[in-house]
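Residue strings, one per chain:
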Amino acid sequence: MLAIDDLTVRYRTAAGEIEALSSVSLTVAKGSTLALVGESGSGKSTVALAAMGLLPPEARLPAGRILFDGQDILTMNAEERRRLRGSRIGLVFQDPFSVLNPSLRIGDQVGEGLIHHRGFTQERAFARAIELLDEVGIINPEAVAKAYPHELSGGMRQRALIAGALASEPELLILDEPTTALDVTIEAQILDLLESLRVRRGLTMLFISHNLGVVRRIADEVAVLYAGQIVEQGATEDVLQRPVHPYAKGLLAAIPRLGQKKGRLASIPGRLPDLRNPPTGCRFARRCPFATPDSEAPQVLRDIGARKVRCTQAEALRDIAWPVLGEDAPSSPVVRAADAAPAVTEPVVAVEGLTKRFVLSNGPLRFEGWRPMRTPVIISPVDDISLEVAAGEVLGLVGESGSGKTTLGRTILRLTEANSGTIRIAGETVSDKPQRALESMRRTAQIVFQNPDSSLNPRKTIRELLGRPIQRFGLAAPGDIPARVNALLDLVRLPAHYADRYAHQMSGGEKQRVGIARALATEPRFIVCDEPVSALDVSVQAAIVNLLADLRDRLGVAYLFISHDISIVAHLADRIAVMHRGKMVEIGSAEEVMRAPRHPYTIKLLSAVPRVDGPIHGRGPTAVSSEILSA
């Protein structure tokens, strides 16, 4: 169905030409699913855009062919490619909220392709859109078709995107990270949906992801991309269970396993090479613990049995595991010794009977005489929650989107005001104090936000971002602030010269490290980590999780670690709390909750977790439905 032959893609930039893809060759058989995996910047999305004929004007293709059902897409004119897109090839992007038009109803957007490609009238297209929304498993599709994107949950928006991509009954569906930001239960539903559609419609799929557990569930074959080159390709089970290329070994080793808690996660040191001047030899050599002088020679993709590998040492490394490398402790302490081991015996955080209610004005419509009125709806995302967090403890908080996790974290920090309950932080009752009296608490308790792009000021250098809290709380004399900033960067293992960079000049993992450093700048004893690794590649994610564990051990910092990635929570947390619709339904030691969950909701959450080893979980009726919206 799809054959990519010797494709090279280069992007013209102000800093020089970047070789995003280098002689990439792939084939996807009719009715099968091929997964592309690799770090951000490896070229996965460039493959998808090239296959759709959607590369930007600054892209240049010096070599290669892209054959769709025997036709070369690259030789087509713009009108021929436009007719192909949406009719025979569908594309599902990663973030539905940035793709869906906020001013158009869902039904209009789902049916748009039918009007352009099939000549449907608007009324007929809208009716067909309702049928498509029903096909992708949306409850009450008539109401959803009349809704706007902001009125839907993340899972429902992703289903709407899939419905739109399927509207003209394409033969090939390209999915670019379609489940990255979704909860495990919604993710399981989307994967079940895609599998059933593939069987029912005979779909061919190119599935792009950095989640190897998801890839194992959905793909027949997997290709591992690194720095624009395929380094390993083969049957999914073979590659994920017995990788032979060092980079594939590193990716698999960085994934936390449920029930296999270890001291540290393996991580891949360093970063992608500069693709303006890519190495002539192995592009992974500088990050590879198995590199030899032979690695400097050009590497070719060759057959080893039933798979392809780009490594001269592949046979010798077949049974050798990726090493777990220790990281040197930072040389510059950023906290005083007395702060590193607090002598307080009471919990750092104690919350009792905490409740937060929101009044929504868009409830059911009613009429008072001739006047239409909305009945206010009261929701309680935090409903009578009590918990404690000890010094140096990690309390993991899991649950689906909308369960109240983020609201609980923000309410504890008084970023959202509670309706009732008491909050004690470091022995001080802060729930009844006015905001102007929270100076001490603001230094003691901090937060690491999920998205560093929206939480780091793009107009400030890293030096200014980290120096501001030090100055604000008077933690150092003005002349000592630069040294403290360097110590903070050292603490999160970033070079000192990063202090003069801006956020946009850093990778996602580096920006998240800056977010952690900024939270540590006030010498806190408690940090709320709100989905700090959800959008990161597995290798970067492993480095951040190791960093958080090191800081906990060295500084005695306590965390409320909020995440929908239960594998990460199980690895890092001492205890796990499970939230569902504002209630705490289960709390206990991480080992106990993982080994013998008691509450049915916890059991179903765990059953939906995609795994790279053991039984393939999350299929069929075990997935929890989150699409039924209620107050």
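Residues numbered from 1 in each chain as written. Predicted model: local features only at pLDDT ≥ 70, side-chain atom pairs only at ≥ 80, totals over all residues. Heavy atoms only, no water.

A closer look at the overall build of the protein
Point 1. Along the backbone of the protein there are 24 helices and 24 strands.
Point 2. By the compact-globule yardstick of 25 Å for 631 residues, the protein fits well, its C-alpha radius of gyration being 26 Å.
Point 3. Seen through its principal axes, the protein has C-alpha atoms that stretch 80 × 70 × 50 Å.
Point 4. Taking as baseline every contact in the protein between residues at least 6 positions apart, the subset at least 24 positions apart corresponds to 69%. (Helix = DSSP H or I, 4+ residues; strand = E, 2+ residues; numbered from the N terminus. Rg over C-alpha atoms; globule rule 2.2 N^0.38 Å. Contact = heavy atoms within 4.5 Å.)

Quick look at the packing of helix α18 (residues 462–472) against helix α19 (residues 481–491)
Point 1. Taken N-terminus to C-terminus, the directions of α18 and α19 make an angle of 110 degrees; their axes are 9 Å apart at the nearest point. With respect to each other, α18 and α19 are oriented roughly perpendicular. Judged by the sense of rotation from one axis to the other, the crossing of α18 with α19 is right-handed. Contacts from Ile462, Arg463, Leu466, Gly467, Ile470 and Gln471 in α18 reach Ile481, Pro482, Arg484, Val485, Asn486, Leu488 and Leu489 in α19.
Point 2. By residue class, the composition of the contact of α18 with α19 is eight nonpolar, three polar and two charged. (Axes fitted to C-alpha atoms, helices over the stretch in contact; angles between N-to-C directions. Parallel < 35°, antiparallel > 145°, perpendicular 65-115°, else oblique. Left-handed = near helix turned anticlockwise from the far one by under 90°. Nonpolar A, V, L, I, M, F, W, Y, C, P; charged D, E, K, R; others polar.)

Observations regarding a nonpolar patch on the surface
Point 1. Nonpolar side chains collect at one region of the surface, where Leu54, Phe93 and Val99 lie side by side and expose about 210 Å² of accessible area between them.
Point 2. With respect to the helices, strands and loops of the structure, Phe93 is situated in the loop between β6 (89–92) and α3 (96–99). (Patch = residues over 30% accessible without salt bridge, like charges linked within 9 Å, V, L, I, M, F, W, Y side chains within 5 Å. Areas by Shrake-Rupley, 256 points an atom, 1.4 Å probe, with all protein chains shown as cover. Salt bridge = Lys/Arg side-chain N within 4 Å of Asp/Glu carboxyl O.)

What to know about the pattern of salt bridges
Point 1. The tally for this structure, following the rule as stated, stands at 34 salt bridges.
Point 2. One salt bridge connects Arg287 with Glu39, and the closest N-O pair in it is separated by 3.0 Å. Pair noted here: Arg287 is in the loop between α12 (246–253) and β11 (302–304) and Glu39 is in the loop between β3 (33–37) and α1 (44–52), with a separation of 248 residues, a long-range link. As far as burial versus exposure is concerned, Arg287 and Glu39 are alike and both buried.
Point 3. Arg200 is the partner of Glu135 in a salt bridge, and the nearest nitrogen-oxygen pair spans 3.2 Å. A residue pair is termed long-range when its members are at least 10 positions apart, and Glu135 in helix α6 (residues 122–135) and Arg200 in helix α9 (residues 184–201) qualify at 65 residues.
Point 4. Note on Arg200: relative accessible area 49%, which makes it partly exposed.
Point 5. Residues participating in the shared-partner salt-bridge network are Lys30, Asp69, Arg88 and Glu171. (Buried < 20%, exposed > 50% of the residue type's maximum accessible area, 1.4 Å probe, protein only.)

A word on the sheet that holds strand β1 (residues 2–13)
Point 1. The antiparallel open sheet is built from four strands, whose spatial order is β2-β1-β4-β5. The open sheet has two edge strands with one neighbour each: β2 (16–28) and β5 (71–72).
Point 2. Inspection of the sheet shows β1 paired to β2 by nine bridges, in the antiparallel sense. Counterpart to Ala3 in the pairing with β2 is Thr27. (Pairing = 2+ DSSP bridges.)

Here's the deal with the packing of helix α8 (residues 154–166) against α9
Point 1. Two elements in contact, α8 and α9, have axes separated by 10 Å at closest approach and are oriented at 15 degrees. Considering their axes alone, α8 and α9 lie roughly parallel with respect to each other. Of the two possible hands of crossing, α8 and α9 adopt the one that is right-handed. Here Gly155, Gln158, Arg159, Ile162 and Leu166 of α8 come into contact with α9, specifically with Ile186, Gln189, Ile190, Leu193, Leu194, Leu197 and Arg201.
Point 2. Residues of the contact of α8 with α9, tallied by class, amount to seven nonpolar, three polar and two charged.

Details of helix α20 (residues 508–520)
Point 1. With 13 residues, α20 extends 19 Å from end C-alpha to end C-alpha; this agrees with the ideal 18 Å at 1.5 Å per step.
Point 2. α20 sits mainly inside the fold: 11 of its 13 residues count as buried.
Point 3. Every buried residue belonging to α20 is among Gly509, Glu510, Lys511, Gln512, Arg513, Val514, Gly515, Ile516, Ala517, Ala519 and Leu520, and all of these are buried.
Point 4. Buried residues along α20 sit against β20 (445–448), α17 (452–455), α18, α19, β21 (526–530) and α21 (538–555). (Expected span 1.5 Å × (residues − 1).)

Points about the sheet that holds β21
Point 1. Here six strands make up an open sheet; going across it, the order is β20-β21-β22-β17-β23-β24 and the pairing mixed. Of all the strands in the sheet, the pair left with one neighbour each is β20 and β24 (583–589). Strand-to-strand twist in this sheet, taken as the mean axis angle between neighbours without regard to direction, amounts to 20 degrees.
Point 2. Those strands touched by α21 are β17 (394–398), β21 and β22 (558–562), and its axis lies near 155 degrees from that of β22.
Point 3. Against the sheet, helix α24 (residues 600–607) contacts β17, β23 (575–580) and β24, and its axis sits at roughly 105 degrees relative to β23.

A few points about the pairing of β1
Point 1. By the bridge criterion, seven bridges tie β1 to strand β4 (residues 59–68) in an arrangement that is antiparallel. Bridge pairing links Tyr11 to Ala59 in β4.
Point 2. The hairpin turn running from β1 into β2, its antiparallel successor, is two residues long.

Examining the domain arrangement of the protein
Point 1. Looking at the assigned domains, one finds that the protein contains domain 1 (1–30 + 42–88 + 171–185 + 204–327) and domain 2 (349–598).
Point 2. Each of domain 1 and domain 2 has a C-alpha centre, and these two points are 34 Å apart.
Point 3. Taken together, the contact pairs 22 residues of domain 1 with 30 residues of domain 2.
Point 4. Carbon and sulfur atoms make up 52% of the area that domain 1 and domain 2 hide from each other, which totals about 2100 Å².
Point 5. Linking domain 1 with domain 2 are one salt bridge, by the criterion used here.
Point 6. Where Arg264 meets Asp550, a salt bridge forms, and the shortest distance between an N and an O atom there is 2.8 Å.
Point 7. Summed over the shared surface of domain 1 and domain 2, the number is three residue pairs in polar contact (both at pLDDT 80 or more).
Point 8. A per-class count over the side of domain 1 that touches domain 2 returns 11 nonpolar, five polar and six charged. (Domains from an automatic or database assignment. Buried area = accessible area lost by both parts, 1.4 Å probe. Polar contact = N/O pair within 3.5 Å; in protein donor to acceptor, adjacent residues only side chain to side chain.)

Describing the pairing of strand β8 (residues 204–208)
Point 1. When you tally the buried positions in β8, you get five out of five residues, the bulk of the element.
Point 2. As judged from the five bridges shared by strand β7 (residues 172–176) and β8, these two strands associate in the parallel manner. Its bridge partner lying in β8, Leu175 is registered against Phe207.

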